[in-house]
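The chain contents come next:
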Amino acid sequence: MVIAFIPVRGGSKSIPLKNIKLFCGKPLVCWNIEALENCDAIDEVIVATDSDKIEETVVAQRYKKTKIYRRSAENACDTASTESVMLEYINYAKLPQTDTFMLVQATSPLTQTNHFSEAMELYKKGEFDSILTCVRNFRFFWNADGTSMNYDYMNRPRRQNFSGMLMENGAFYINSVHNILKSGNRLSGKIGIYEMPEYTATEIDEPDDWIILEKLMYKHVLNTKQKNISVADIKLFMTDVDGTLTDAGMYYTENGDELKKFNTRDGMGLQLLQKQGVKVGIVTSENTKMVERRAAKLKVDYLRQGKRDGGKLAVVQEICDEMGITLQQVAYIGDDVNCKDLLSAVGLAACPADAMDEIKAIPNIKIMSKKGGEGCVREFIEKII
């Protein structure tokens, strides 16, 4: 049996509760969990935490392989080692010594399913007792005494002729339960190296790391995933209201009644999607009878109004859970900053031509030629169908 073990504390100092802070629209720890859930080589995923909030966040996702282990307070303090909680769980669960144990770090969210699978294939060959992940670093290093550590400065090599040095990136480690109990360490015996892409070199420890890794995630992971989304993958289409279904204008009568201008072509587009078997819905932070009446006339499958904890992303995630689908099977169009987390997380994202610049800057977002209220939703739907 292969156990993937993710230790996550609630007491992070540099970034409070960083393990469930939204990273590219999803709680940080969920990126590794989902990559492991999709890995056939992994039988069970254990999230070891001392935090009620982390437990609630993970349990709410309804993962199939993943279980929660409540680690002791002693092994969740600032001075406790990762090995201490590994050994605590191994002894608690009475894992057979023949089991394979994979330590996975939630602070390395760019680790993908293929990385876990390929490393397990390397381990199963039996040539190594344990495996760690590294990236190849092409920097030149020096000793404190002024001597070169890894190159001849008199014959400075070009990058393409320089093999570089292998640097531990902390993404994950593989060993047997037997070896861990014997050595008390995540690594032991003959150690093999699984080399990962250079962009996975950084772990999230400080706020600056967070900024850097979100950019890398969009470039190397999310961008690739969105390119692979096909029309058949989309099961749910959601749209914002103000600035998307409408022109963002606020119209008032002499009596003070508020009016909104909708585009009939957008409504027809939603009906066309429903005929294709795609569920459609409206999500908005406002709560008005006008939108309720418009949604009823269009006969949308879902209407979610009003501000909620977690914003629009949490609202649509609830619908996904109800439908039994993932956010990658959702298409969404929105125009303003309160749409950003959701737009960053869905499989297909779009915005009107007059959306805020921050929204237009989201990697791989589709920018429509039409403005909000002028048929931009229909334009996006036409591109899908």
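In short, a report on the structure. Please read these numbers as outputs of a predicted model, since none were measured by experiment.

Evaluation of the coordinates by the stated rule reveals 15 aromatic pairs. On the basis of an interplanar angle of 80 degrees and a centroid distance of 6.0 Å, the ring pair of Trp142 and Tyr151 is categorised as edge-to-face. Looking at Trp142, the relative accessible area reads 40%, which means it is partly exposed. The buried category is assigned to Tyr151, whose relative accessible area is 12%. When the centroid spacing of 5.6 Å and the interplanar angle of 45 degrees are considered together, the rings of Phe237 and Phe380 count as tilted. Taken together, the residues span a long stretch of sequence, with Phe237 in strand S10 (residues 236-239) and Phe380 in helix H12 (residues 376-384) at a distance of 143 residues. Within the aromatic cluster, the residues linked to one another by ring pairs are Phe138, Phe140, Trp142, Tyr151, Tyr153 and Phe162. Cation over ring: Lys21 sits above Trp210, and NZ or CZ is 5.4 Å from the ring centre. Above the ring of Trp31, the side-chain terminus of Lys26 is found at 3.9 Å from the ring centroid.

Let us look at the layout of surface pockets. Empty space among the atoms becomes apparent when a probe as large as a water molecule is rolled across them. By volume, the largest pocket amounts to about 1,200 Å³. Around the largest pocket, the lining comprises 37 residues; the ones closest to its centre are Lys26, Glu34, Gln61, Tyr63 and Gln317. Residue assignment for the lining of the largest pocket shows that the elements contributing at least two residues are strand S3 (26-27), helix H1 (28-37), helix H2 (52-60), helix H6 (207-227) and helix H9 (311-323). Split into classes, the residues belonging to the lining of the largest pocket amount to 15 nonpolar, 13 polar and 9 charged. Taken as a whole, the second largest pocket holds about 500 Å³ of empty space. Forming the boundary of the second largest pocket are 23 residues, of which Pro7, Arg9, Lys18, Thr82 and Gln105 lie nearest the centre. Those elements giving two or more residues to the lining of the second largest pocket turn out to be strand S1 (2-8) and strand S8 (165-176).

Turning next to the environment of Pro7. Inspection of the secondary structure assignment puts Pro7 in strand S1. Along the sequence, Pro7 and Ala355 sit 348 residues apart, while their C-alpha atoms lie 40 Å from each other. If near-sequence neighbours (up to four positions away) are discounted, Pro7 is found in contact with Ala48, Arg71, Thr82, Val85, Leu103, Val104 and Gln105.

With mixed pairing, the 7 strands of this open sheet are ordered in space as S5-S4-S1-S6-S8-S7-S9. Only two strands of the sheet have a single partner each, and these edge strands are strand S5 (66-70) and strand S9 (191-196). Sheet twist, expressed as the average angle between the axes of neighbouring strands with direction ignored, equals 30 degrees. Lying on the sheet, H1 is in contact with S1, strand S4 (44-49), S5 and strand S6 (100-104); it crosses S1 at an angle near 175 degrees.

Conventions adopted
- Residues numbered from 1 in each chain as written.
- Predicted model: local features only at pLDDT ≥ 70, side-chain atom pairs only at ≥ 80, totals over all residues.
- Heavy atoms only, no water.
- Phe/Tyr/Trp six-rings, centres within 6.5 Å; stacked < 30°, edge-to-face > 60°.
- Buried < 20%, exposed > 50% of the residue type's maximum accessible area, 1.4 Å probe, protein only.
- Helix = DSSP H or I, 4+ residues; strand = E, 2+ residues; numbered from the N terminus.
- Lys NZ or Arg CZ within 6 Å of the ring centre and 35° of its normal.
- 1 Å grid on protein atoms, 1.4 Å probe; cavity = no way out; pocket = protein on both sides within 12 Å on 5 of 7 lines; lining within 4 Å.
- Points joined across faces, edges and corners; volume = space filled by probe spheres on them.
- Nonpolar A, V, L, I, M, F, W, Y, C, P; charged D, E, K, R; others polar.
- Contact = heavy atoms within 4.5 Å.
- Pairing = 2+ DSSP bridges.
- Axes fitted to C-alpha atoms, helices over the stretch in contact; angles between N-to-C directions.

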